[in-house]
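Next come the chains, spelled out residue by residue.
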Protein chains: 2
Amino acid sequence: MWYTYVSELMTPLLKSLDFFKDSYEIRVAQLKEERAKGIRVIGTFCLYIPDEIIFAAGADRIVLCGGGTETIPVAEQSLPRNICPLIKSSFGAVVDACCGGNRACPHIPLVDLVVAEATCDGKKKMYEILPEYIPTYVIDLPQKPGSPEALEYFLSELRKFAQFIENLTGHEVTETALRQEIQSANDTKRLLHRLFSLRKRDPPPITGSEILRVMQKQFFLAPAQFREGVNRLCDEMEQITPGTRTGPRIMISGCPMAAGNTKVPDIIEQRGATIVVEESCTGTRSFWDLVDENADPWKALAERYLEIPCACMTPNDQRISRIVDLAKLYNVDGVVYYTLQFCHAYNIERFRVQKALKKEKIPMLAIESDYGESDAEQIGIRVDAFLEMIE
Amino acid sequence: MWYTYVSELMTPLLKSLDFFKDSYEIRVAQLKEERAKGIRVIGTFCLYIPDEIIFAAGADRIVLCGGGTETIPVAEQSLPRNICPLIKSSFGAVVDACCGGNRACPHIPLVDLVVAEATCDGKKKMYEILPEYIPTYVIDLPQKPGSPEALEYFLSELRKFAQFIENLTGHEVTETALRQEIQSANDTKRLLHRLFSLRKRDPPPITGSEILRVMQKQFFLAPAQFREGVNRLCDEMEQITPGTRTGPRIMISGCPMAAGNTKVPDIIEQRGATIVVEESCTGTRSFWDLVDENADPWKALAERYLEIPCACMTPNDQRISRIVDLAKLYNVDGVVYYTLQFCHAYNIERFRVQKALKKEKIPMLAIESDYGESDAEQIGIRVDAFLEMIE
């Protein structure tokens, strides 16, 4: 289908993007070397798992969320078909890799342990089948954040997890190491603020499709490697002379787009709009809020992570106001609300988001889609109509 | 459709069932009278909300889960279509009642407050829109029970809820009142054990369709009224002379069937089988485990309620072993696994249930359905094939 070639069709304006293209092999070699040295590699599926604890315990981490269709048929042998494609793709990759298949993401064999979380129904229940294929540890989350008791419960879960990973790596999670990792993770977050700030320009010096591919790398590269690439990119972007206006400014808000899934942003930009900000786990949700470096590191971690405005939380007022704030900050002409098919939490929360945006007179288009290509043309037609309306 | 008349076609063998048919008007009159006296009426949607606390605070309670299709179109104006029919039906009833509609369940205007819970994604997010129509209080639940910290967190949520309802009713939830209510609720549970025990007979003296209709009344009638009916029913059933064998003995396991929804059990029994036990919220899950009357009442309540084996919990090993135990205890020939359409938690847990039953050589048929009638014939054909296989 035409839209899969969009990234190739785009003029490679930014040379520093090559850094990310070349980064994959370097990172795989690094992970293999670490494993040879006995360093443990942790696979995660969610922003709610604090990397800081994993790194402080001397382990490495990669995120295993699947964005491809190849492993979905394998997954559907155990999981219902009518659940979210991200869950099926991720699960299928693990099953395929552990059963000697060759369609899976090649990262699974690099992982010693999966650290999962009780977020949405689909993931929570999928994780129960995962231990048949790969060691899995699940962190519980309160679903109604904001109370001291919820924070206390999450803190106890984080401390239990730290003990578990200390036993795995043989490295104690010291307060000093934790503070260092908090600072390192904050450095990444500050850098991403710099990157996203440059997109406030009109026109922005980079497309949303390119940014998404960079953000997806955040979940695979080592932090220092990722920062090097983002720094180069920011430096280059700052030198670019502003061009002419390139169509409506769009915010995407909703479910994450794991590596391999760029369908909807590609379609939107192919149709003439520019995505200037993403309110999602592969966008602002991953870096917007920093961990307090001056507070007790455990409490600061628990507080910051519990504040991630994912739709699995109730109520999720922080996300609603964040969306409105971002829409204004990035001067968007419209919002595309993206739901992975059968994701009840984001799908139902759409109602409140739409209401808040309507109040601000910001138009919104809702798209629910899976990883297949069959709805691409239909989505394109709806995007066209939306762009015509807001232009 | 033919199956909607099944209950009328059945020979009314048990005269004591009339008690339940006549109970509705009596209960509505009682609720109206209570409200006139200033007694608060609480609406709930889930077994995880301890009735004991509500009653101990001097309030009354009815369960508002919807089992009818009438209010689904109203709900779909705000909620996505592809979520569970129970959630849509329940939400639509509230919206319809509060907006002056006439298709809603007539119980909504009897309710002062909805007490909801963070269980599945669909309900959790629907509850966020509910306050636009009716006052709503949400109790959080840990999702990974079994740890002292999870119990502590749930206990704190129950105590917060008790304070809230004390403020509403002006009645303190004393330890004495709580102990009394625990005993009363246990009396109901003991009585339901007596009722279900009689179904171990071969053939059982009552059909599953009849039992379901009785169990649905548990969530609307006052406890004493419900117990009176069940006592009469048990007395009558104990006098019945056993008849001849009436087809395969079936267990239904899975999602709840709220009042108005009897489609699948009706089809199963119309096709010649007899349902002898239901592992669901409208079956054993509501009464199987008693609250410890000798322990601290708060801790005993928290422990017992957190042990309810709903698929929203992870892992839910207790449910898996309960299903196998019940299958043996009730000497079933097969299990029909029932999922409300788009209920991810029960749908995914099916995989583990099927595996456990396979190990025990107990056949299982999975049915996923909504409240519509369009799949009735197709379900009937699949049930026929299943019954032929196990006979």
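Numbers given to residues run from 1 along each chain, matching the order in which its sequence is written. Lettering for chains starts from A, numbering for ligands starts from 1, and both go in the order in which the items are written. The predicted nature of this model means local features are confined to residues of pLDDT at least 70 and side-chain atom pairs, given and counted, to a pLDDT of 80 or more, with totals for whole chains, interfaces and linings taken over all residues. The side-chain figures draw on all heavy atoms in the structure; neither hydrogens nor water molecules are used.

## Description of the environment of Leu 113 of chain B
Residues and elements named next belong to chain B. Applied cut-off: Numbering of helices and strands runs from the N terminus, with a helix taken as a DSSP run of H or I at least four residues long and a strand as a DSSP run of E at least two residues long. Relative accessibility thresholds used throughout: buried, under 20% of the residue-type maximum; exposed, over 50%; partly exposed, between the two (1.4 Å probe, protein chains only). Whether two residues are in contact is decided by their heavy atoms: any pair within 4.5 Å suffices.
Residue position: Leu 113 is located in strand E3 (residues 113-117). Since its relative accessible area comes to 3%, Leu 113 is described here as buried. Distance in space between the C-alpha atoms of Leu 113 and Leu 168 is 9.3 Å, their sequence separation being 55 residues. When residues no more than four places from it in sequence are discounted, the contact partners of Leu 113 are Val 41, Ile 42, Gly 43, Pro 135, Thr 136, Tyr 137, Phe 164 and Leu 168.

## Describing the interface of chain B and chain A
Here is the rule: Summed over both partners, the accessible area (1.4 Å probe) lost when two parts come together is defined as the buried area. By definition, a salt bridge exists where a carboxyl oxygen of Asp or Glu is found within 4 Å of a side-chain nitrogen of Lys or Arg. What qualifies as a polar contact is a pair of N or O atoms within 3.5 Å, subject to a donor-acceptor requirement within protein and to the restriction that residues adjacent in sequence count only when both atoms come from side chains.
On the side of chain A, 46 residues touch chain B, which itself brings 46 residues to the contact. Across the chain B/chain A interface, buried area totals approximately 4,000 Å², and carbon plus sulfur atoms make up 54% of it. Between the two partners, chain B and chain A, sit eight salt bridges. One salt bridge in this structure joins Lys 160 of chain B and Glu 149 of chain A, with 3.2 Å as the shortest N-O distance. At the junction of chain B and chain A, the tally comes to 34 residue pairs in polar contact (both at pLDDT 80 or more). Within the residue set of the side of chain B that touches chain A, elements represented by two or more residues are helix H6 (121-126), helix H7 (148-169) and helix H14 (344-359) of chain B. It is H14 of chain B that provides the largest number of residues to the side of chain B that touches chain A, a total of nine residues.

## Describing the confidence of the model for chain A
Our working rule: Confidence of the predictor at the level of single residues is captured by pLDDT, which takes values from 0 to 100.
Residues with a pLDDT of 70 or more make up 96% of chain A, whose mean pLDDT is 94. With a pTM of 0.95, the predicted complex shows an ipTM of 0.95.

## Digging into the pairing of strand E2 (residues 60-63) of chain B
Residue and element names in this part refer to chain B. For the record, the criterion: Being paired, for any two strands, means DSSP has found at least two bridges between them.
Across the two faces of E2 the burial is the same, with Asp 60 and Ile 62 and Arg 61 and Val 63 all buried. Bridge count between strand E1 (residues 41-44) and E2: four bridges; the pairing is parallel. Its bridge partner lying in E2, Gly 43 is registered against Ile 62.

## Some details on unusual backbone geometry
Most peptide bonds are trans, and most residues other than glycine sit at a negative phi. Residue Pro 203 of chain A is reached from Asp 202 of chain A by a cis peptide bond, and omega for that bond is 0°. Structurally, Pro 203 of chain A is set in the loop between helix H8 (175-197) and helix H9 (208-217). Cis peptide bonds are those with omega within 30 degrees of zero, and the linkage from Thr 314 of chain B to Pro 315 of chain B qualifies with -15°. Checked against the element boundaries, Pro 315 of chain B lands in the loop between helix H12 (297-306) and helix H13 (317-329).

## Considering the side chain of Asn 316 of chain A
Take Asn 316 of chain A: it is sitting in the loop between helix H12 (297-306) and helix H13 (317-329). Excluding residues within four positions of it along the chain, Asn 316 of chain A makes contact with Pro 309, Cys 310, Ala 311, Glu 349 and Arg 352 of chain A together with Lys 125 and Glu 128 of chain B.

## Looking at the pairing of strand E3 (residues 113-117) of chain A
A regular strand carries its side chains on alternate faces of the sheet. All names here are of chain A. The element E3 is extensively covered by neighbouring structure, given that five of its five residues are classed as buried. Because side chains alternate across E3, one face comprises the buried residues Leu 113, Val 115 and Glu 117, and the other comprises Val 114 and Ala 116, equally buried. Relative to E3, strand E1 (residues 41-44) is paired through three bridges, and the arrangement is parallel. Bridged to Gly 43 within E3 is Val 114. Pairing analysis gives four bridges linking E3 to strand E4 (residues 136-139), with the strands arranged parallel.

## A word on the pattern of salt bridges
In total, this model carries 69 salt bridges over all chains according to the counting rule given. One salt bridge connects Lys 355 of chain B with Glu 132 of chain A, and the closest N-O pair in it is separated by 2.9 Å. Of this pair, Lys 355 of chain B sits in helix H14 while Glu 132 of chain A sits in the loop between helix H6 (121-126) and E4, each in a different chain. Lys 355 of chain B gets classed as partly exposed once you look at its relative accessible area, which sits at 44%. With a relative accessible area of 41%, Glu 132 of chain A lands in the partly exposed category. Residue Arg 322 of chain B pairs with Asp 289 of chain B through a salt bridge whose shortest N-O separation is 3.1 Å. In this pair, Arg 322 of chain B sits in helix H13 while Asp 289 of chain B sits in the loop between strand E6 (274-279) and H12, placing the two residues 33 residues apart along the sequence. A residue is classified by how much of its surface remains accessible, and Arg 322 of chain B, at 10% relative accessible area, is buried. One continuous salt-bridge network, built from bridges that share partners, spans Lys 125 and Glu 128 of chain A together with Glu 279, Arg 285, Asp 317, Arg 319, Glu 349 and Arg 352 of chain B.

## Quick notes on the sheet that holds strand E5 (residues 249-254) of chain B
Residues and elements named next belong to chain B. Going by this rule: In this analysis an axis means a line fitted to C-alpha atoms, helices contributing only their contacting stretch, and an angle means the value between N-to-C directions, from 0 to 180 degrees.
Strand order in the open sheet formed by four strands is E6-E5-E7-E8, with parallel pairing between adjacent strands. The open sheet is flanked by E6 and strand E8 (364-369), the only strands paired with a single partner. Each neighbouring strand pair of the sheet contributes to a mean axis angle of 25°, computed without reference to strand direction. Of the pairings in the sheet, the one linking strand E7 (residues 334-340) to E8 comprises six bridges and is parallel in character. From the neighbouring strand, Val 336 faces E8, where its bridge partner is Leu 365.

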